[in-house]
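Chains, contacts and geometry: an overview
So you can see what is in the structure, the chains are spelled out below.
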Amino acid sequence: MSKKKEIDERTHVLQDYAYHYYVLDQPKVPDEEYDRLLRELEELEAAHPEHRHEDSPTGRIGGEPLDQFRKVRHDVPMMSLSNAFDAEELRDFDRRVRDGISGTPVYSCELKIDGLAVTLKYEKGSFILGATRGDGQTGEDITHNLRTIGSIPLKLKEPVTLEVRGEAFMPKKSFERLNKAKAQRGEALFANPRNAAAGSLRQLDPKIAADRHLDMFIYGIGSSPDKDFDSHHEALEYVKHLGFKTNREAARLDSIEEVIDYCEKWVEKRADLPYEIDGIVVKVDSIEDQQQLGFTAKSPRWATAYKFPAEEVVTTLRTIELSVGRTGVVTPTAILDPVSVAGTTVQRASLHNEDLIREQDVKIGDRVVIKKAGDIIPKVVRVLADERTGDEEDFHMPTHCPECESELVRLEGEVALRCVNPKCPAQIREGLIHFVSRNAMNIDGLGEKVISQLFRHELVADVADIYRLQREQLLELERMGEKSADNLLSAIEATKENSLEKLLFGLGIRFVGSKAAATLAMHFETMERLQQADVEELTAVDEIGSKMADAIVTYFAQEEVQELIAELASLGVNMTYNGPKLQEASDIDSVFAGKTVVLTGSMDTMTRSEAKAEIEQLGGKVTSSVTKKTDILVAGEKAGSKLTKAEELGIQVLDESAFTEALGRS
Ligand code: IVH
């Protein structure tokens, strides 16, 4: 092969790999293979520079550092968006839209990526200029840095001239990596991924940006002289087709109420995304409607940004409360002046442990920054030391348990302080609360408050006492009427039938979470067999490690534990596993035994979770995406891309009737 041909082919292969990796997020080859091919291409190009392609994947970091940024005037101004802060303001936006158009609007909803707005110009398919928004009229030329972003195509799939707009950002992982490295070098940290992205793109030397693993989603078109669109959605499909990365969470919705649901869903789910978002952008989808609505001086009337409630707020720390958990760990909790954060009022925040209090230098009376992300418990992230008045007081962890006064210990390798007195009332109370909780025995009407009262009145000292409770005793409690007492007693009675795993989890054996409890119950089937199991038998069970096995053996070796279990059994609490029988995959005569199955589309005769349960019962494993490891795809009505992929990979496909037949139903 001629050197030219070799370079041509290598360039094309690498461009395709890079597109799958950066734009589609679906790498075709392992990273090492990509790097190896890239190095080889670099060597070839160095030896034959005349054959090097302009848009070679080796050439993203081109040229020398700049002396200064060049100003760029935008042909089409880069506007900003109006804001909506709650559902009512979204409904107001919807009313304004409806007043301005003739039909009913369809909305395109997109994540509002928290990065910086960037415009990209292409001429005959080649990337020629990338700029920041600046003041909306004039920005700065940052082409050299944007070229280092793998998801920005240097050449489009068609030789078109156009300008696209989007958000350049730093993924959470890159941000963490960057700040960790900065901390190690003793440098100042970036406050958030947006600042880090902006800081990286405002560098004169492109090597810095290249090192920081930025990314970019395209969310619209600035101008496209060669092509018209009927809808925003169609425009996004087009840019995607040209090779740009668009955000996959975008949705077209028919009513403002659906838009509100979408916004609320993302308030909850934003923490799961690999990048930061600060709201939802709602756009009128039809271009004709957009033209009807037009612009104000600053922003389009056809779009608005729903802004998430602030996740970080400042308040005053009034005192630090100590609590003793089920396992004896003593945790300090900050008691705050109530503040609203991420849509809820917060009065307590976690301080984790003494080391963190020292590290953050928290004092009583300090102004503190509170953060609440997703469903995580709010925590104190930092102290505003500049705002101190001098009246703040140091906090010291106690040396003795705040509940039972026994001396606290710090176990080796742990940061937490623990009370190791097994009779500590706080631990017993927390253990009782755990026993009745949802994933454990799940006793309706027996929450933290009632348990605390029962414990205080000395009606319940251990979990067996719960099953000895009498009606008259319950009636002694505050706010406990006859009806509630009867309901509570029947709820308690009903849980005697619970399957073994609920009891096992409820006992609170160290390291045994609800999933491990289920595995153990399924495997050993009775409490007796589990009590007799040794470490070897336990570790032979899938997913049970030696640490957990040791803890289980130690637990059951205690005389008090054996007595407790005997008492529970004599009170009528079930000690066996009631769930589906565990069968070795190979023992089951079914097409699903030992197979990996994916479900797609909808079926008439059963729901997806019923289908999943049946497959699992027959020894199959149900996963969510079609890969080479998938053995069978069950495809109902309206099966989409999963079916196409399964067909491409030559995977066995069952339609609904073949599936029910395989289940032995028909
Ligand atoms: S559309 C006319 N869509 O939010 C402006 N903007 O003020 C049209 N942003 O900094 C903007 N994600 O860069 C749009 N999916 C998205 C966006 C988005 C983030 C940014 C934008 C600008 C700000 C809007």
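Residues numbered from 1 in each chain as written. Predicted model: local features only at pLDDT ≥ 70, side-chain atom pairs only at ≥ 80, totals over all residues. Heavy atoms only, no water.

Per an unreviewed UniProt entry, the protein chain goes by the name DNA ligase and belongs to Bacillus daqingensis. UniProt, in its Sequence similarities (unreviewed entry) section for the protein chain, records the words "Belongs to the NAD-dependent DNA ligase family. LigA subfamily." (UniProt positions renumbered as here; feature names shortened; annotations may be inferred.)

Remarks on the overall build of the protein chain
Along its length, the protein chain carries 25 helices and 22 strands. Principal-axis analysis of the C-alpha atoms places the extent of the protein chain at approximately 85 × 75 × 60 Å. Of all 666 residues assigned to the protein chain, the portion counted as buried reaches 45%. When the accessible area of the protein chain is evaluated, it comes to approximately 35400 Å², of which 47% is carbon and sulfur surface. Computed over 85 positive and 118 negative side-chain charges, the separation of the two mean positions in the protein chain equals 5 Å. (Helix = DSSP H or I, 4+ residues; strand = E, 2+ residues; numbered from the N terminus. Buried < 20%, exposed > 50% of the residue type's maximum accessible area, 1.4 Å probe, protein only. Areas by Shrake-Rupley, 256 points an atom, 1.4 Å probe, with all protein chains shown as cover. Lys, Arg positive; Asp, Glu negative; His and termini not counted. Charge placed at Lys NZ, Arg CZ, Asp CG, Glu CD.)

Description of the site of the ligand
Near the ligand lie 13 residues; those nearest to it are L81, E110, E167, Y219 and K283. Taking K112, its side chain carries an N or O atom lying 3.4 Å from an oxygen atom of the ligand. Within the side chain of E167, an N or O atom sits 2.3 Å from an oxygen atom of the ligand. Taking 520 Å² as the accessible area of the ligand by itself, protein coverage stands at 85%. Taken together, the elements giving at least two residues each to the shell around the ligand come down to β3 (107–113) and β10 (277–284). With four residues, β3 is the single largest residue contributor to the shell around the ligand. Of the residues that constitute the shell around the ligand, the class distribution is eight nonpolar, one polar and four charged. (Near = heavy atom within 4 Å. Polar contact = N/O pair within 3.5 Å; in protein donor to acceptor, adjacent residues only side chain to side chain. Nonpolar A, V, L, I, M, F, W, Y, C, P; charged D, E, K, R; others polar.)

Considerations on the sheet that holds strand β20 (residues 621–623)
In spatial order, the strands read β20-β19-β21-β22; together these four strands make up an open sheet with parallel pairing. Each edge of the open sheet is held by one strand with a lone partner, namely β20 and β22 (652–654). The average angle at which neighbouring strand axes cross in this sheet is 30°, direction not considered. Relative to strand β21 (residues 632–635), strand β19 (residues 596–600) runs parallel, the two sharing four bridges. Pairing of L599 across the sheet is with V634, part of β21. Helix-sheet contacts for helix α23 (residues 608–617) involve β19 and β20, and the interaxial angle to β19 is about 165°. Strand contacts of helix α24 (residues 641–649): β19, β21 and β22, with the helix running at about 145° to β21, the strand carrying the most contacts. (Pairing = 2+ DSSP bridges. Axes fitted to C-alpha atoms, helices over the stretch in contact; angles between N-to-C directions. Contact = heavy atoms within 4.5 Å.)

Some details on the UniProt feature "active site" (unreviewed entry) in the protein chain
Per the UniProt record, "active site" (unreviewed entry) is found at K112. Relative to the helices and strands, K112 resides in strand β3. Take K112: its relative accessible area is 19%, and that puts it in the buried class. Apart from residues no more than four positions distant in its own chain, K112 is found in contact with I277, D278, G279, I280, V281, A305 and K307.

What to know about the packing of helix α1 (residues 3–23) against helix α2 (residues 31–47)
In the contact formed by α1 and α2, the axes pass within 10 Å of each other and the chain directions differ by 145°. Every pair of crossing elements has a handedness; the one defined by α1 and α2 is left-handed. Between α1, through K3, E6, I7, R10, T11, L14, Y17, A18 and Y21, and α2, the contact on the second element is made entirely by D31, Y34, L37, L38, E40, L41, L44 and E45. The residue makeup of the contact of α1 with α2, split by class, is 10 nonpolar, one polar and six charged. (Left-handed = near helix turned anticlockwise from the far one by under 90°.)

Considering the pairing of strand β4 (residues 116–123)
Among the eight residues that make up β4, six are buried, leaving the element largely enclosed by the rest of the structure. Taken together, the six bridges between β4 and strand β5 (residues 126–132) define a ladder with antiparallel strand orientation. Directly across from L120, in β5, lies its bridge partner G130. Connecting β4 to the next strand, β5, in antiparallel fashion are two residues, including K124 with a positive phi near 45°.

Looking at a negative patch on the surface
On the surface, D254, E258, D261, E264 and E268 cluster together to form a negatively charged patch. In this fold, D254 is placed in the loop between β9 (251–253) and α9 (256–269). Here D254 falls in the exposed class, since its relative accessible area comes to 55%. (Patch = residues over 30% accessible without salt bridge, like charges linked within 9 Å, V, L, I, M, F, W, Y side chains within 5 Å. Salt bridge = Lys/Arg side-chain N within 4 Å of Asp/Glu carboxyl O.)

So, the environment of E9
Inspection of the secondary structure assignment puts E9 in helix α1. Judged by its relative accessible area of 38%, E9 is partly exposed. For E9 and L41, which are 32 residues apart along the polypeptide, the C-alpha to C-alpha distance reads 10.0 Å.

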